[in-house]
Amino acid sequence: MKIVLPGGTGQVGGVLRRALTAAGHEVVVLTRRPARDGDVRWDGRTLGPWAEEVDGSDVVINLAGRSVSCRYTDENLRAMMDSRVDSARVVGEAVAGARKPPRVWLQMSTATIYAHRFDAPNDEATGAIGGDEPDVPGYWAYSVEIARNWEREQERAATPRTRKVALRSAMVMSPDRGGVFDYLLWLARLGLGGPVAGGAQYVSWIHDRDFVRAVEFLIDRDDITGAVNLAAPDPRPQRELMRVLRGAWGMPVGLPATRWMAGIGAFALRSDPELLLKSRRVVPGRLTEAGFTFDHGAWPLAAADLVGRVRRERSRSRRTAARS
């Protein structure tokens with residue numbers, strides 16, 4: 001198959017590009033800064049020669065959008081909104097204008113669309129959409145509005161010959177440097193991976209290889225449209241998630257952090273405390289109902305696998321450095 005990945009240069013794009021290329025597919029990445037074979041330039045806002053890659057392709061997986069790993073200033077929030085809405089709009093235009101449109105368009109979305117809650121898990125059928133929760137910072141509602149507009153732009157695209165699926169993805173855990181798992185493991189290794197603000201807030205996640213398998217599953221299932229949660233069936237309170245991760249690495253200590261300490265840490269890392277404090281209890285209702293099975297659906301198994309891969313990669317890097 002020919003698979004087009006708009007915005008495919010980030011962590012999730014790298015995971016998909018490696019796996020889909022290894023599976024024998026032709027993968028084209030649309031990026032503002034082409035740097036390797038298979039990269040094609042686009043600006044994420046306007047139609048151009050890149051649209052020829054969409055015409056005749058089998059699958060489009062739009063991952064484009066400004067990284068959420070930043071301070072949630074008004075400027076950054078607007079950039080997050082615009083980059084997601086603009087890219088979804090222009091991908092829809094390219095699909096609509098194609099002589100031979102792709103048979104499926106998978107549009108990245110986010111599990112952050114669901115409400116900050118502790119009482120019940122959020123699936124696609126009964127989950128509570130966020131935006132009006134009491135006692136949370138007002139700007140958290142903007143993150144939900146970004147997700148709503150992101151999905152709405154795909155919904156309104158006039159693409160009758162192309163099936164559309166919105167991927168409400170939880171945090172994709174991979175051993176790649178710079179990703180969310182790399183950050184969490186760094187905290188655990190330093191003995192800082194204890195409860196944050198009590199640690200009762202849920203963390204939803206998905207192992208990188210299950211993420212790829214779920215994407216492949218959705219490509220093949222012509223009967224699935226609309227929003228689908230890409231999340232493992234084992235969301236954990238943050239304190240439990242980090243306790244398991246520390247155990248997988250062999251670090252017995254995990255110092256706790258208060259809410260204000262989390263704010264200071266996020267500021268130092270040029271990130272936002274919402275990523276640490278919002279409770280995302282998301283489960284894969286539609287995937288499970290459709291018969292998808294997770295290879296790494298339990299967090300202890302997933303954490304052990306990821307830690308093992310990190311250790312093996314670092315060992316290979318040390319041996320390579322020693323030979324040079």
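Conventions we followed
Residues numbered from 1 in each chain as written. Predicted model: local features only at pLDDT ≥ 70, side-chain atom pairs only at ≥ 80, totals over all residues. Heavy atoms only, no water. 1 Å grid on protein atoms, 1.4 Å probe; cavity = no way out; pocket = protein on both sides within 12 Å on 5 of 7 lines; lining within 4 Å. Points joined across faces, edges and corners; volume = space filled by probe spheres on them. Patch = residues over 30% accessible without salt bridge, like charges linked within 9 Å, V, L, I, M, F, W, Y side chains within 5 Å. Areas by Shrake-Rupley, 256 points an atom, 1.4 Å probe, with all protein chains shown as cover. Salt bridge = Lys/Arg side-chain N within 4 Å of Asp/Glu carboxyl O. Helix = DSSP H or I, 4+ residues; strand = E, 2+ residues; numbered from the N terminus. Buried < 20%, exposed > 50% of the residue type's maximum accessible area, 1.4 Å probe, protein only. Nonpolar A, V, L, I, M, F, W, Y, C, P; charged D, E, K, R; others polar.

Overview of empty space enclosed by the protein
Reasoning step 1: Across all of its chains, the model carries one cavity of 30 Å³ or more by this definition.
Reasoning step 2: As a volume, the largest cavity reaches approximately 30 Å³.
Reasoning step 3: Arg-32, Trp-42, Gly-44, Ala-64, Gly-65, Ser-83 and Ser-87 together form the lining of the largest cavity.

Some words on a nonpolar patch on the surface
Reasoning step 1: A cluster of nonpolar side chains, namely Trp-186, Leu-190, Leu-192, Val-253 and Leu-255, defines an oily patch on the protein surface of about 450 Å² accessible area.
Reasoning step 2: Tracing the backbone through its elements, the reader meets Leu-192 in the loop between helix H5 (180–189) and strand E8 (202–203).
Reasoning step 3: According to the relative accessible area criterion, Leu-192 is partly exposed, its value standing at 41%.

Here we look at the layout of surface pockets
Reasoning step 1: What the second largest pocket holds in volume is close to 260 Å³.
Reasoning step 2: Lining the second largest pocket are 13 residues, with Pro-175, Arg-309, Val-310, Glu-313 and Arg-314 sitting closest to its centre.
Reasoning step 3: Among the secondary structure elements, those contributing two or more residues to the lining of the second largest pocket are H5 and helix H11 (299–323).
Reasoning step 4: The leading source of residues in the lining of the second largest pocket is H11, at seven residues.
Reasoning step 5: Along the lines of polarity and charge, the residues of the lining of the second largest pocket split into four nonpolar, one polar and eight charged.

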